[in-house]
Structure formats: structure tokens, C-alpha cells
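Each chain is listed here by its residues.
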Amino acid sequence: MSNENAPPESGGGPASFAAKGNAEDRPGILIVVSAPSGAGKSSLIKIVLSRVEGLGFSVSYTTRAPRGAEQEGVEYHFVTSEKFIAMRDRGEFLEWAEVHGHLYGTHIDSVQALLRSGQDVVFDVDIEGAEQISSRMPGAVTVFVLPPSPAELEARLSGRNLNPRDDMEFRLANAAREVRMSERFDYIVVNDDLEQAAKALEAIVVAERHRAVRAGGQVRAIIDTFGRGLPNA
Ligand code: ADP
Ligand code: 5GP
């Protein structure tokens, strides 16, 4: 996976990402969700955030204008290109990319704050962003959301009806290229039925929390109690 936009290592680099604070006292998990635009990843992420305890959303910075009812600080932080470029040049982004003619980036401090508060973090980023996070943060879990067909993807983009026609065509053209990259991801979730897909994403988060390699202080403390032997043995 390429990493050409990754910021230089700095004081806020990956080593300081091993924050703990969740109930199990284990390092926080980075769950990176990618998909072609319109595949339904925002819808899926919203459902899973509302159902799974201890999950926080990484609110990205973007130079694109708010769409529909989007609010500053909820879906995105909306900034000018000048401000974005200054932040990027100061090395403040964990990853950044140009997508559909706009700049998008994940601020290191936002991720740190979520991890420090004991939450696992969900990212909604494009394929390039997923590659950058994966290569900088080897424990990150990557999930590709696959639309059931090109026709259904087009219908969803049209239904959203918030993009100009040429923007939509651009997004459809990118989708074919993006889908071919899906095999590089840890998981693929087909978003045909929204509820089934949400359950699959939820299951991935829960399963990742139970991986033995992530066992935290709570699990180790239980294992230790077995290691001490019986009191009167
Ligand atoms: P993305 O974040 O990937 O760009 P959205 O979550 O905004 O996609 O979804 C695009 C459109 O498709 C929205 O109108 C959403 O309501 C709709 N949608 C999402 N998932 C499904 C699904 N499983 N079935 C039908 N429509 C869906
Ligand atoms: P949209 O404009 O439809 O909200 O998002 C367009 C694309 O940008 C989506 O694929 C979305 O996942 C991606 N994106 C959103 N935030 C970020 C980010 O911080 N970094 C990267 N690399 N991509 C992002």
C-alpha cells in the first residue's frame, strides 16, 4: 500500500497512539471504513455508532462546501483551501487526500482525543486515506463497503440528489477503480440490505475487540488469577 501523502513523523506521531482508557484497559482500535461514494458508508457508520458503546467518529477536515443539512463539526470541519494546506504543511494530518477535486484530511489531535477518552475510532475515508492509515498504523482494521451493483450505486447517488450531474459522473467513474482495490482490505461488507450490512459492520467491531492480541489489563488480570494456583494446594 502506498503512503505518498503521509505527513512526516513528528511529536504527535504513531507511537503516542497507544492510548488506553476503555473498560477493558486495552489499546484503542482504529476502524477504517472506505467505499465508493454513494455506497452507503456514512449511513452504515451512523447506525453502528448509535448501537455500539465506546465508538467515536473521526471528524475529518474538508475544503468542500457543506451538503444538505451537514453541520460544522458533525460530519466534517469545513475549512478553506488555505487553512487546509497550512495544517497539512505543519504535519497535522494523520493522512490526507484529494478526492473528487476537494481536499480531505484526518487531524492527528482529533484521533488522539478520541483514543484518550477510551473510545475506539471509526474513520470514513477514501481508499488512499485507508492505505495511508494502514501503513502508518499497522493495527488498523480496514473495511470496504461494496455496493451490490453499478446500477444500484448510480441509483443511490441520483437519489441523494445533492451533487451536480458532472460530479456524480466523476464519482461513478472512480467507483470501478476503487472496487478493484477492495481485496486489499481486511473485510468486505456488501451493502445491499442496510440492516444486514450494519449488523456485519457491528460484528466486525465486536470481534476485533476480542482478538487475543489486543487483550488488555482486564483480561491479563483474570489470566493471572489462574496462574497463582489454588490457595491451599
Ligand atoms: P456514502 O457515505 O458512501 O457516500 P451514503 O451513506 O450517503 O453513502 O448513502 C448514499 C445514499 O444511498 C443515501 O441516500 C442513503 O440513504 C442510500 N443508501 C445507503 N445504503 C442503502 C441501502 N442498503 N439500500 C438503499 N439505499 C441505501
Ligand atoms: P463526501 O464528499 O461524499 O462526503 O466524501 C467524498 C470522499 O471523501 C468519500 O470517499 C469519503 O470517505 C472521503 N473522505 C472523507 N473524509 C476523508 C478524510 O479525512 N481523508 C480521506 N482520505 N478521505 C476522506
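## What about the packing of helix α1 (residues 41-51) against helix α7 (residues 194-209)?
Helices that pack against each other are described as a pair by the angle of their axes relative to one another and the distance between those axes.
Here's step 1: Between α1 and α7, whose axes approach to 9 Å, the crossing angle comes to 60 degrees. Considering the angle they form, α1 stands oblique to α7. Relative to α7, the crossing made by α1 is right-handed. Side by side, α1 and α7 meet where Ser43, Leu44, Ile47, Val48 and Arg51 of the first sit next to Leu194, Glu195, Ala197, Ala198, Lys199, Leu201 and Glu202 of the second.
Here's step 2: In the contact of α1 with α7, the residues fall into 7 nonpolar, 1 polar and 4 charged.

## What about the site of ligand 1?
Here's step 1: Looking at ligand 1, there are 14 residues lining it, with Gly38, Ser42, Ser43, Asn191 and Asp192 nearest.
Here's step 2: Contact between ligand 1 and Gly38: an oxygen atom at 2.8 Å from a main-chain N or O atom of the residue.
Here's step 3: Between ligand 1 and Ser43 there is a distance of 2.6 Å, counted from an oxygen atom to a side-chain nitrogen or oxygen.
Here's step 4: Bound to the protein, ligand 1 loses 74% of the 560 Å² it would expose on its own.
Here's step 5: Of all the elements in the fold, those that place two or more residues in the shell around ligand 1 are α1 and α5 (150-160).
Here's step 6: Here the element with the most residues in the shell around ligand 1 is α1; it accounts for 3 residues.
Here's step 7: Classifying every residue of the shell around ligand 1 by side-chain character gives 3 nonpolar, 6 polar and 5 charged.

## Considerations on the sheet that holds strand β9 (residues 187-190)
Here's step 1: Here we have 5 strands laid out as an open sheet, ordered β2-β7-β1-β8-β9, and parallel in their pairing. Here the strands that pair on one side only, and so sit at the sheet edges, are β2 (55-57) and β9. Across the sheet, the mean angle separating the axes of adjacent strands is 25 degrees when strand polarity is ignored.
Here's step 2: With 4 bridges joining them, strand β1 (residues 30-34) and strand β8 (residues 141-146) adopt parallel strand pairing. Within β8, the position partnered with Val32 by the bridge is Thr142.
Here's step 3: Strands β1, β2, β7 (120-124) and β8 of the sheet are contacted by α1, whose axis makes an angle of about 165 degrees with β7.

Calculation criteria
Residues numbered from 1 in each chain as written. Chains lettered and ligands numbered in written order. Predicted model: local features only at pLDDT ≥ 70, side-chain atom pairs only at ≥ 80, totals over all residues. Heavy atoms only, no water. Axes fitted to C-alpha atoms, helices over the stretch in contact; angles between N-to-C directions. Helix = DSSP H or I, 4+ residues; strand = E, 2+ residues; numbered from the N terminus. Parallel < 35°, antiparallel > 145°, perpendicular 65-115°, else oblique. Left-handed = near helix turned anticlockwise from the far one by under 90°. Contact = heavy atoms within 4.5 Å. Nonpolar A, V, L, I, M, F, W, Y, C, P; charged D, E, K, R; others polar. Near = heavy atom within 4 Å. Polar contact = N/O pair within 3.5 Å; in protein donor to acceptor, adjacent residues only side chain to side chain. Areas by Shrake-Rupley, 256 points an atom, 1.4 Å probe, with all protein chains shown as cover. Pairing = 2+ DSSP bridges.

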